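# Fold and geometry: a report
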Amino acid sequence: MSTATLKPADSPTPIPRAPMPPAFVEIDRLNFFYGDKQALFDITLGIPEKQVTALIGPSGCGKTTLLRCLNRMNDLVDVARIGSGEIRIDDINIYDPRVDVIELRKRVGMVFQKSNPFPKSIYENIAYGLRLHGIKQKSQLDEIVEKSLRGAALWDEVKDRLHDSGLGLSGGQQQRLCIARTIAVEPDVILMDEPCSALDPLATAKVEDLIQELKARFTIVIVTHNMQQAARVSDYTAFFYLGKLIEFQSTRDIFTNPKNPQTEAYVSGRFG
């Protein structure tokens with residue numbers, strides 16, 4: 001008679017989880033307030049380099065607040081403040097008083113929910129920021145404008161009308177123009193705040209394809225309410241609820257093998 005021990009039926013073999021890579025952006029015990037109201041509670045999160053990390057959760061859970069902390073956009077809100085904690089990018093505390101915020105926002109670019117091209121030509125939408133950073137030579141500007149538009153998968157669509165207004169482009173093209181403007185200054189990190197929420201399905205697909213190409217060069221953090229989009233474009237996903245980080249795993253694990261019941265309920269559509 002065999003002496004092998006049978007495994008109980010209620011003890012399935014655990015599904016192995018993907019290992020977490022080293023973090024490029026490190027958020028360490030961050031507590032954030034708008035006046036007396038606390039918006040983020042003790043957030044600790046490591047965002048991997050040259051991967052796409054999605055921030056998901058119901059409205060008002062702190063996703064966009066956290067995103068705006070990463071390039072100090074919240075500095076523009078009078079009552080916003082960090083209570084405690086740090087955010088380090090490439091081992092530099094970005095809230096150190098010695099940090100140049102303009103330089104930080106060059107390293108950490110942002111693409112907003114609603115496309116916001118400048119009321120200038122397509123060419124000047126990209127060249128304007130380059131000039132602010134000291135690039136004046138026309139041949140160099142021409143080269144970077146073309147490279148950036150190619151990088152945003154827009155060059156072939158606009159190369160014959162570079163001096164037409166960027167406001168004359170379609171919504172999807174305007175959003176890709178804003179992405180081209182962002183990547184022109186070669187940031188380390190690109191933040192995207194629901195970049196497809198105002199786009200039709202075809203334009204959304206183009207931006208999603210672009211995100212997959214850009215992650216070879218940039219670390220990308222995207223806020224999205226669209227669970228299918230998070231599953232399609234991201235490598236890692238962080239789920240937030242009421243200002244707290246509930247779970248952070250590979251996107252595959254978040255959607256197929258979440259650890260937390262709240263995460264499972266949200267990604268399966270039972271709340272939120």
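Residues numbered from 1 in each chain as written. Predicted model: local features only at pLDDT ≥ 70, side-chain atom pairs only at ≥ 80, totals over all residues. Heavy atoms only, no water.

## A short note on the pairing of strand S8 (residues 219–223)
The criterion, for reference: Only protein chains enter the area calculation, which uses a 1.4 Å probe; residues under 20% of their type maximum are buried, those over 50% are exposed, and those in between are partly exposed. Note on conventions: DSSP H or I runs of at least 4 residues are helices, E runs of at least 2 residues are strands, and numbering of each starts at the N terminus. Note on pairing: two strands pair once DSSP finds at least 2 bridges between them.
Most of S8 sits inside the fold, with five of its five residues counted as buried. The alternating pattern of S8 places Thr219, Val221 and Val223 on one face and Ile220 and Ile222 on the opposite face, and all of these are buried. Pairing of strand S3 (residues 52–56) with S8, which is carried by four bridges, proceeds in the parallel orientation. For Thr53, the partnering residue across the bridge sits in S8 and is Val221. Relative to S8, strand S7 (residues 189–193) is paired through five bridges, and the arrangement is parallel. Following the sheet pairing, Val189 is matched in S8 by Thr219.

## Looking at the pattern of salt bridges
Opposite charge on two side chains permits them to pair, given that their charged atoms come into close proximity. Quick note on the threshold: Should a side-chain nitrogen of Lys or Arg be within 4 Å of a carboxyl oxygen of Asp or Glu, the pair is scored as a salt bridge.
One pass over the structure, following the stated rule, counts 19 salt bridges. Residue Asp188 pairs with Arg107 through a salt bridge whose shortest N-O separation is 2.5 Å. Of this pair, Asp188 sits in the loop between helix H6 (171–183) and S7 while Arg107 sits in helix H2 (residues 101–107), and the two are 81 residues apart along the sequence. Glu186 is the salt-bridge partner of Lys147, the closest N and O atoms lying 3.7 Å from each other. Of this pair, Lys147 sits in helix H4 (residues 138–151) while Glu186 sits in the loop between H6 and S7, placing them 39 residues apart in sequence. Of the residues examined, Lys147 reaches a relative accessible area of 48% and is grouped as partly exposed. Where salt bridges share partners, they join Glu26, Asp28, Arg29, Glu86 and Arg88 into one cluster.

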